[in-house]
Amino acid sequence: MSERTGFDLTVIGLGYVGMPLAKEATAAGLRVAGLDVDPRKVEALNAGQSYIDDLTDADLDAMLAGGFTATLDASVLAESRTIVICVPTPLDEDHRPDLSAVEGATRAVAQHLRPGTLVVLESTTWPGTTDEVARPILESTGLAAGTDFHLAFSPERIDPGNTKYGLRNTPKVVGGYTVACRERAVAFYSQFVEWVVPVSGTREAEMAKLLENTYRHVNIALVNEMAIFCDELGVNLWEAIEAASTKPFGFQKFLPGPGVGGHCIPVDPSYLSYTVRKLGYPFRFVELAQEINERMPSYVVARAQRLLNRARKPVNGSRVLLLGVTYKPDIADERETPAVPVAEALLELGAEIVFCDPHVKEWAVKGNQIPRADDLAAAVADADVTLLLQQHSAFDLGVVEERAQLVLDTRGVLATSDRVERL
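Residues numbered from 1 in each chain as written. Predicted model: local features only at pLDDT ≥ 70, side-chain atom pairs only at ≥ 80, totals over all residues. Heavy atoms only, no water.

Here's the deal with the overall build of the chain
When helices and strands are tallied, the chain shows 13 helices and 15 strands. Over its C-alpha atoms the chain spans a radius of gyration of 23 Å, differing by no more than 12% from the 22 Å that the globule rule assigns to 423 residues. Along the first, second and third principal axes, the C-alpha atoms of the chain reach 75 × 50 × 40 Å. Out of the 423 residues belonging to the chain, those deemed buried represent 52%. Long-range contacts, defined here as pairs at least 24 residues apart, represent 68% of the contacts in the chain between residues at least 6 apart. Carbon and sulfur atoms make up 51% of the accessible area of the chain, which amounts to about 18,700 Å² in all. Taking the average place of the 40 positive charges on the side chains of the chain and the average place of its 58 negative ones, the gap between the two points comes to 3 Å. (Helix = DSSP H or I, 4+ residues; strand = E, 2+ residues; numbered from the N terminus. Rg over C-alpha atoms; globule rule 2.2 N^0.38 Å. Buried < 20%, exposed > 50% of the residue type's maximum accessible area, 1.4 Å probe, protein only. Contact = heavy atoms within 4.5 Å. Areas by Shrake-Rupley, 256 points an atom, 1.4 Å probe, with all protein chains shown as cover. Lys, Arg positive; Asp, Glu negative; His and termini not counted. Charge placed at Lys NZ, Arg CZ, Asp CG, Glu CD.)

Right, here's the structure in full:
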């Protein structure tokens, strides 16, 4: 326990980032509170009902038994030795960073800030946010960062559905506003993270996160563009990628797909592009990658249309089955899933869409409730064309190969035939 009565940690934002943090901190013996503005989340958590893929009800029961509590009451912040902000950082309609949630959470902290508190921002953002946005709000209290309270940035590295790497065994990058801030933050995370990686400042820590995801974004765009021209060249790109990946140095395997989803890859590089544009010039790599990756859903629809044309069927009136509508396999997370723009384009062409996904019970696109198929074998047999958008392990791929009339495999997991094409 801390020398102050109250909580060792309050996590602001009880989503896919905040809850794993609260879980590990509670397991390490810290007294943890969770603060959110959504009453449904708070009620569910306190009732032992998890809505996070990586957090089971049993995990949550153990957390509650260990003293964890969720609340809507921001006054808990005044009782907390450490406060970690894990709120969303989406893009607005013009693809500019939307920091309204970060600013709102930081203002809530400022209203209850006490001397000696450690405040850490984990929300992904552009380099300079901790210093230029969060710090002035916190210092409006009259308390000075690095003197009266500690301020740091530590980028989240949560990978939903990853059974090998979680918060505890994934290295944690930490940058402080001052050396003392960094040391305090390193000491905090070292209580429940195996390897903490200190960097010289908050900007370096903020940039590290954007670099990680921009690297993935650009390389995914590379293989996505190669998938388009390799189809025209008659080259099996999937086989070429596997062959290249046998090289034990200098190559990392990336695979093409129907587009990119989740919070990180579609969003984070735009934060970096925004930062560079403030300097007066474009970040060409990121903007080109964005263009290519955003084009992939349209390309998938064009390939499906080609398949139907070969069978002398128009898209208009054809039954199209979407297999897997989440952005990653074996999770229920639909954030930024490319299945949405694929479905939107097919609806505009007059297709009759059905989806099959064991992790999603209801799915709507542009206000249209899409029918859900429970029987995989019957669904693929009834569809004029099946689009495998996500390879959930629950799918019997043999059934898809045997029963489907036509299939476009966007994940490279089905055996090709006269009825099955790969992206």
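A short note on unusual backbone geometry
Of note in the backbone geometry, Glu336 takes a positive phi value of approximately 55° without being a glycine. Along the chain, Glu336 turns up in the loop between β9 (319–323) and α11 (339–348). Residue classification places Glu336 among the partly exposed residues on the basis of a relative accessible area of 49%. Unusually for a residue other than glycine, Lys366 sits at a positive phi of about 50°. Relative to the helices and strands, Lys366 resides in the loop between β11 (364–365) and β12 (368–369).

Some points on the sheet that holds strand β5 (residues 118–121)
Here we have 8 strands laid out as an open sheet, ordered β3-β2-β1-β4-β5-β6-β7-β8, and mixed in their pairing. Of all strands in the sheet, those bounded by a partner on one side alone are β3 (69–71) and β8 (196–199). Ignoring which end each strand starts from, the neighbouring axes of this sheet average 25° apart. Here helix α1 (residues 18–27) sits on the sheet in contact with β1 (7–12), β2 (32–35) and β4 (80–85), set at roughly 165° to β1. Each of β1, β4 and β5 touches helix α4 (residues 100–112); the most contacted strand, β4, lies at about 170° to it. (Pairing = 2+ DSSP bridges. Axes fitted to C-alpha atoms, helices over the stretch in contact; angles between N-to-C directions.)

Some thoughts on a nonpolar patch on the surface
There is a patch of nonpolar side chains on the surface, built from Phe229, Leu233 and Val235 and spanning about 280 Å² of accessible area. Here Val235 is to be found in the loop between α7 (202–233) and α8 (237–244). In this structure Val235 comes out as partly exposed when scored by relative accessible area, which is 41%. (Patch = residues over 30% accessible without salt bridge, like charges linked within 9 Å, V, L, I, M, F, W, Y side chains within 5 Å. Salt bridge = Lys/Arg side-chain N within 4 Å of Asp/Glu carboxyl O.)

Side note on the environment of Gly176
Along the chain, Gly176 falls in strand β7 (residues 172–176). It is 6.1 Å that separates the C-alpha atoms of Gly176 and Leu151, two residues lying 25 residues apart in sequence. If we ignore the near neighbours within four places in the chain, the residues touching Gly176 are Leu151, Ala152, Cys181, Arg182, Ser200, Gly201 and Thr202.

Overview of the sheet that holds strand β15 (residues 420–422)
Pairing within the open sheet is parallel, and its 5 strands lie in the order β10-β9-β13-β14-β15. Of all the strands in the sheet, the pair left with one neighbour each is β10 (352–356) and β15. Going from strand to strand, the sheet's axes swing by 20° on average, the running direction of each strand aside. Sheet topology note: the β9/β10 ladder contains 5 bridges and is parallel. Looking at the pairing, Leu321 lines up with Val354 of β10. Along the sheet face, α11 touches β9, β10 and β13 (385–388) and points at about 180° away from the line of β9.

Description of the pattern of salt bridges
Here the idea is simple: oppositely charged side chains can pair when their charged atoms come close. For the structure on display, the rule yields 23 salt bridges. Two residues, Asp159 and Lys328, come together in a salt bridge whose shortest N-O distance is 2.5 Å. Residue Asp159 is found in the loop between β6 (150–153) and β7, and its partner Lys328 is found in the loop between β9 and α11; the two are separated by 169 residues along the sequence. Take Lys328: its relative accessible area is 17%, and that puts it in the buried class. The closest approach of N and O atoms between Arg335 and Asp333, which form a salt bridge, is 2.6 Å.

Observations concerning the pairing of β10
β10 sits mainly inside the fold: 4 of its 5 residues count as buried. For the segment spanning β9, α11 and β10, crossover handedness is right-handed. (Right-handed = clockwise from strand over helix to strand, strands pointing away.)

A few points about the packing of aromatic side chains
Summed over the entire model, instances satisfying the criterion amount to 6 aromatic pairs. A ring pair is formed by Phe188 and Phe192, whose centres lie 5.3 Å apart and whose planes are at 85°; its orientation type is edge-to-face. Its relative accessible area of 0% is what places Phe192 among the buried residues. Here Tyr189 and Phe192 contribute two aromatic rings whose centre-to-centre distance is 6.1 Å and whose plane-to-plane angle is 65°, an arrangement assigned as edge-to-face. (Phe/Tyr/Trp six-rings, centres within 6.5 Å; stacked < 30°, edge-to-face > 60°.)

With respect to the side chain of Asn224
Topologically, Asn224 is positioned in helix α7. For Asn224, a relative accessible area of 0% gives the class buried. In this structure the side chain of Asn224 is engaged in a polar contact, spanning 2.8 Å, whose partner is the side chain of Asn293. If near-sequence neighbours (up to four positions away) are discounted, Asn224 is found in contact with Pro256, Gly257, Ile292, Asn293 and Met296. (Polar contact = N/O pair within 3.5 Å; in protein donor to acceptor, adjacent residues only side chain to side chain.)

Here's the deal with the packing of α1 against helix α3 (residues 57–65)
Where α1 contacts α3, the two axes come as close as 9 Å, and the packing angle between them is 50°. With respect to each other, α1 and α3 are oriented oblique. Here the hand of the crossing between α1 and α3 comes out left-handed. The residues of α3 that touch α1, namely those facing Met19, Ala22, Lys23 and Thr26, are Asp59, Leu60 and Met63. Classifying every residue of the contact of α1 with α3 by side-chain character gives 4 nonpolar, 1 polar and 2 charged. (Parallel < 35°, antiparallel > 145°, perpendicular 65-115°, else oblique. Left-handed = near helix turned anticlockwise from the far one by under 90°. Nonpolar A, V, L, I, M, F, W, Y, C, P; charged D, E, K, R; others polar.)

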